[in-house]
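Summary of the model geometry
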Amino acid sequence: MNPLASLVNGHARSLMAVTSRLQYGDGLFETVAIHDGRLLLWREHIRRLTAGIERLGLSPIDAALLTAEAESLAATQSLAILKIIVVRGAKGRGYRPVAAPTDRILTLWPWPDRPADDQAPVFWCRTVLARQPLLAGLKHLNRLEQVLAQREFVDPYWEGLMQDTQGWVIEGTMTNLFVVEGGILTTPILDQAGVAGVMRDQVMRRARESGMVVRLDNLTSTRVMEADEVFLSNSVIGVRPVLCLAERRWRRAPVTSRMAEILRACGDAPAL
């Protein structure tokens, strides 16, 4: 699949123009849903991107300029995905970074097909996530663990759950994880591994606003399998119930359905 359009530092250029730092994964990315020409959760994406740039020590970006470029690509799209990549500016070769303006890459992609929830089982991945607190929470470009994990499963599996090297369940390969236990919503602690998703934060915020108890905790695979409900989230799917995981089957997901309705009503997820 090829992008519908792309911009490199505001110009239509080949992505190879910034490949020297891309080869080290020296940057960050955001995946933004577009609905009726609107960039969903844009402020939240910019906030996370700015925080990640600071943590990695990249040169600051012009948020207003990035917003203008993103809006120009989104304006005519009824339903699409915008991927934003920021990469440390390149000078010379080698690992040691040299101060240079941060490069930005924007690519526009078509909306993906989505199989019905009851036809999309979830897989337990054998590939584990390394624990690295310096990078934990960041949506950085080093995604080789996720690539290896996704090699483990094929259709009809649409997603796989990953644990860290200590055995804690952290997230999906492209999603964040939530479980419902006795009406309490729990999501894994991400201080050692994993991506702190924009939609994950929004789910917790909206759940608390609606009166739910939300907790961050370390989750075992046993707790996940015994939960009343399990659902996954990201900026494209919003929230999606897990109805089949290994030998476990879930028939009803009322909390998940409620959260999906709240997110759509608040404009956080596409009203599909």
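Refer to the preceding data block for the structure.
In what follows, the accompanying structure is described. It should be emphasised that the depicted structure is a prediction, and the values quoted were computed from it without experimental measurement.

1. As for the overall build of the chain
- Each helix and strand in the chain was counted, giving seven helices and 15 strands.
- Whereas a compact globule of 272 residues would reach a radius of gyration of roughly 19 Å, the chain reaches 19 Å, a difference of no more than 12%.
- Taken along its principal axes, the extent of the C-alpha atoms in the chain is 55 × 40 × 35 Å.
- When each of the 272 residues of the chain is scored for burial, the buried share is 51%.
- Here the analysis covers contacts within the chain between residues at least 6 apart in sequence; of these, 72% occur between residues at least 24 apart.
- Accessible surface, the chain: about 13,400 Å² in total, of which carbon and sulfur atoms supply 52%.

2. With respect to the environment of Ala-260
- Turning to its location among the elements, Ala-260 is positioned in helix H7 (residues 254-265).
- Given a relative accessible area of 13%, Ala-260 falls into the buried group.
- It is 33 Å that separates the C-alpha atoms of Ala-260 and Leu-56, two residues lying 204 residues apart in sequence.

3. Digging into the packing of helix H2 (residues 42-56) against helix H3 (residues 63-74)
- It is at 12 Å that the axes of H2 and H3 come closest, and there the two elements cross at 135 degrees. The pairing of H2 with H3 is recorded here as oblique in orientation. Taken as a pair, H2 and H3 cross one another with a handedness that is right-handed. Across the interface between the two elements, Trp-42, Ile-46 and Leu-49 of H2 pack against Ala-63, Leu-66, Thr-67 and Ala-70 of H3.

4. Digging into H2
- Here H2 contains 15 residues, and its C-alpha end-to-end distance of 21 Å stays within 8% of the 21 Å for a straight helix at 1.5 Å per residue.
- For H2, the elements touching its buried residues are strand E2 (27-35), strand E3 (38-39), H3, strand E4 (79-87) and helix H5 (198-209).

5. Focus on the side chain of Ser-235
- Along the chain, Ser-235 turns up in the loop between strand E12 (229-234) and strand E13 (238-241).
- With relative accessibility at 10%, the residue Ser-235 sits in the buried group.
- Within the structure, the side chain of Ser-235 is placed 3.4 Å from the side chain of His-45, a separation counted as a polar contact.
- Setting aside its immediate chain neighbours within four residues, Ser-235 contacts Thr-31, Ala-33, His-45, Val-198 and Met-199.

6. Quick word on the environment of Asp-36
- Relative to the assigned elements, Asp-36 resides in the loop between E2 and E3.
- Spatially, the C-alpha atom of Asp-36 lies 43 Å from that of Arg-96, the residues being 60 residues apart in sequence.
- In contact with Asp-36, other than residues within four places in its own chain, are Gln-77 and Ser-78.

7. Examining the state of the cysteines
- Counting across every chain of the model gives zero disulfides.
- Cys-244 supplies the cysteine sulfur nearest to Cys-125, a cysteine that is in no disulfide, at a spacing of 14 Å.

Analysis parameters
Residues numbered from 1 in each chain as written. Predicted model: local features only at pLDDT ≥ 70, side-chain atom pairs only at ≥ 80, totals over all residues. Heavy atoms only, no water. Helix = DSSP H or I, 4+ residues; strand = E, 2+ residues; numbered from the N terminus. Rg over C-alpha atoms; globule rule 2.2 N^0.38 Å. Buried < 20%, exposed > 50% of the residue type's maximum accessible area, 1.4 Å probe, protein only. Contact = heavy atoms within 4.5 Å. Areas by Shrake-Rupley, 256 points an atom, 1.4 Å probe, with all protein chains shown as cover. Axes fitted to C-alpha atoms, helices over the stretch in contact; angles between N-to-C directions. Parallel < 35°, antiparallel > 145°, perpendicular 65-115°, else oblique. Left-handed = near helix turned anticlockwise from the far one by under 90°. Expected span 1.5 Å × (residues − 1). Polar contact = N/O pair within 3.5 Å; in protein donor to acceptor, adjacent residues only side chain to side chain. Disulfide = S-S within 2.5 Å.

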